[in-house]
Amino acid sequence: MDRIETPDDTDLASHYAPLYERVQHRISPLDWQLYLPSIDAIRRLKRERNAIVLAHNYQAPEIFNTVADITGDSLALARLAMNVDADVIVMCGVHFMAETAKILNPTKTVLIPDLAAGCSLSESISPRDIKLLRERYPGAPVVTYVNTSAAVKAASDVCCTSANAVEIVNAQNSDTVIFLPDRYLGAHVAGKTDKKLVLWHGACEVHERFTGAQIRSYRAPGIRVLAHPECPPDVLAQADFVGSTAAMSGDIRSSGATRVLLITECSMADNLAVELPNVEFTRPCNLCPHMRRITLPKIEQCLRSLTPVVEIDPTVMDGARRALLRMLA
Ligand code: 13P
Ligand code: SF4
């Protein structure tokens, strides 16, 4: 691999010293030394390629805080991807997020540093399953979580994220709604709407590992418990606040909490701790193996080679776009 010429190590360290100051409590000096050549190369390559790096809140701190131009939850990334003006979008997240960016901004080159960055929810359902459900519940609209493939989105009526699921379900003109594929998010939404929800059996392999007993064991006076709605009901029952990754971050700021138990993928607490140094985070640490496939060397390589490119099957493009645009509307 040919490297872009970089200053020597001492120059690099002093050039990026202000950036390190920001992340020093999350990244050790030894790791920083290892990361610096890639961070520097990625920042140069972004300019050369006219590229923008989007990173989900679950990306590792060395990516989220040093090379990302746009960060957020699934909803924010979808909205912002649609308006990216640059030629190239690099999605530091999982495959369905990169597909969403391509569907919403199809003239751009969309790259994902590792094509194998999947999602257990996306794997749990196919367009054929939706066809069978429609036959079983004729007339019921299909609301599909964005954590699904483009083909599944195309077979649905409208998409939702964890940030807008209740609102989207309530907007359906039917008493019965098919809600796919996360059974835990579905159960949470069912508790907040008068509609009858038909659920699927999908689950997030990261959030389903948390238990109510585990959360109780972390409870302490003055601690605020926040949980993502992909967690099982016994976990959500212990939470002071339930919401998307962006909503949880908003709650910490607005509640003024200084001790937080964050029940979600644990890189998020590391990233929040950079921005909110006065908040003490505790959490049982579950990492998403798919999000962790994205690394600095893979981002660098992807910007050098402009691969792997994310493409959408033309037969599902229009349907998937329609379902996403209905959500955004
Ligand atoms: P958010 O939409 O809350 O960012 O969550 C995405 C996700 O993959 C959660 O596991
Ligand atoms: Fe999918 Fe769960 Fe990973 Fe989110 S955390 S990408 S829902 S496996």
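Please refer to the structure higher up on the page.
For clarity, every value in this text was computed on a predicted model and none was experimentally measured. (Residues numbered from 1 in each chain as written. Chains lettered and ligands numbered in written order. Predicted model: local features only at pLDDT ≥ 70, side-chain atom pairs only at ≥ 80, totals over all residues. Heavy atoms only, no water.)

(A) Main features of the site of ligand 1. Neighbouring ligand 1 are the residues His56, Tyr58, Asp73, Ser74, Asn147, Ser162, His207, His228, Glu230, Ser244 and Thr245. The side chain of Ser74 places a nitrogen or oxygen atom 2.7 Å from an oxygen atom of ligand 1. When ligand 1 is considered free in solution it has 300 Å² of accessible area, and contact with the protein chains removes 96% of it. Partitioning the shell around ligand 1 into residue classes produces 1 nonpolar, 8 polar and 2 charged. (Near = heavy atom within 4 Å. Polar contact = N/O pair within 3.5 Å; in protein donor to acceptor, adjacent residues only side chain to side chain. Areas by Shrake-Rupley, 256 points an atom, 1.4 Å probe, with all protein chains shown as cover. Nonpolar A, V, L, I, M, F, W, Y, C, P; charged D, E, K, R; others polar.)

(B) The arrangement of the packing of helix α6 (residues 95-104) against helix α17 (residues 314-328) in detail. Orientation of α6 relative to α17, taken along the N-to-C sense of each, is 90°, at an axis distance of 9 Å. Judged by the inter-axis angle, α6 sits roughly perpendicular to α17. Residues Thr100, Lys102, Ile103 and Leu104 of α6 touch α17, and the partners they reach there are Met317, Ala320, Arg321, Leu324, Leu325 and Leu328. The residue inventory of the contact of α6 with α17, partitioned by class, reads 7 nonpolar, 1 polar and 2 charged. (Axes fitted to C-alpha atoms, helices over the stretch in contact; angles between N-to-C directions. Helix = DSSP H or I, 4+ residues; strand = E, 2+ residues; numbered from the N terminus. Parallel < 35°, antiparallel > 145°, perpendicular 65-115°, else oblique. Contact = heavy atoms within 4.5 Å.)

(C) Expanded view of the sheet that holds strand β7 (residues 176-180). Spatially, 4 strands are ordered β6-β5-β7-β8 in an open sheet, and the strand pairing comes out parallel. Looking along the sheet, the strands with just one partner apiece sit at the ends: β6 (158-160) and β8 (196-199). Strand after strand, the sheet turns through a mean of 30° between neighbouring axes, direction not considered. Where strand β5 (residues 142-145) lies against β6, 3 bridges are found, and the strand directions are parallel. (Pairing = 2+ DSSP bridges.)

(D) Focus on the pattern of salt bridges. All told, the structure shown has 13 salt bridges when counted by the stated rule. Residue Arg293 is joined to Asp114 by a salt bridge in which the shortest nitrogen-to-oxygen separation is 3.5 Å. Of the two residues, Arg293 sits in the loop between β12 (280-282) and α16 (296-305) while Asp114 sits in the loop between β4 (109-111) and α7 (120-123), which places them 179 residues apart along the sequence. A relative accessible area of 12% means that Asp114 is categorised as buried. Residue Asp251 pairs with Arg224 through a salt bridge whose shortest N-O separation is 2.8 Å. Here the residue Asp251 occupies a position in helix α14 (residues 245-255), and Arg224 occupies one in strand β9 (residues 224-227), the gap between them amounting to 27 residues. Classification of Arg224 by relative accessible area gives partly exposed; the value is 24%. (Salt bridge = Lys/Arg side-chain N within 4 Å of Asp/Glu carboxyl O. Buried < 20%, exposed > 50% of the residue type's maximum accessible area, 1.4 Å probe, protein only.)

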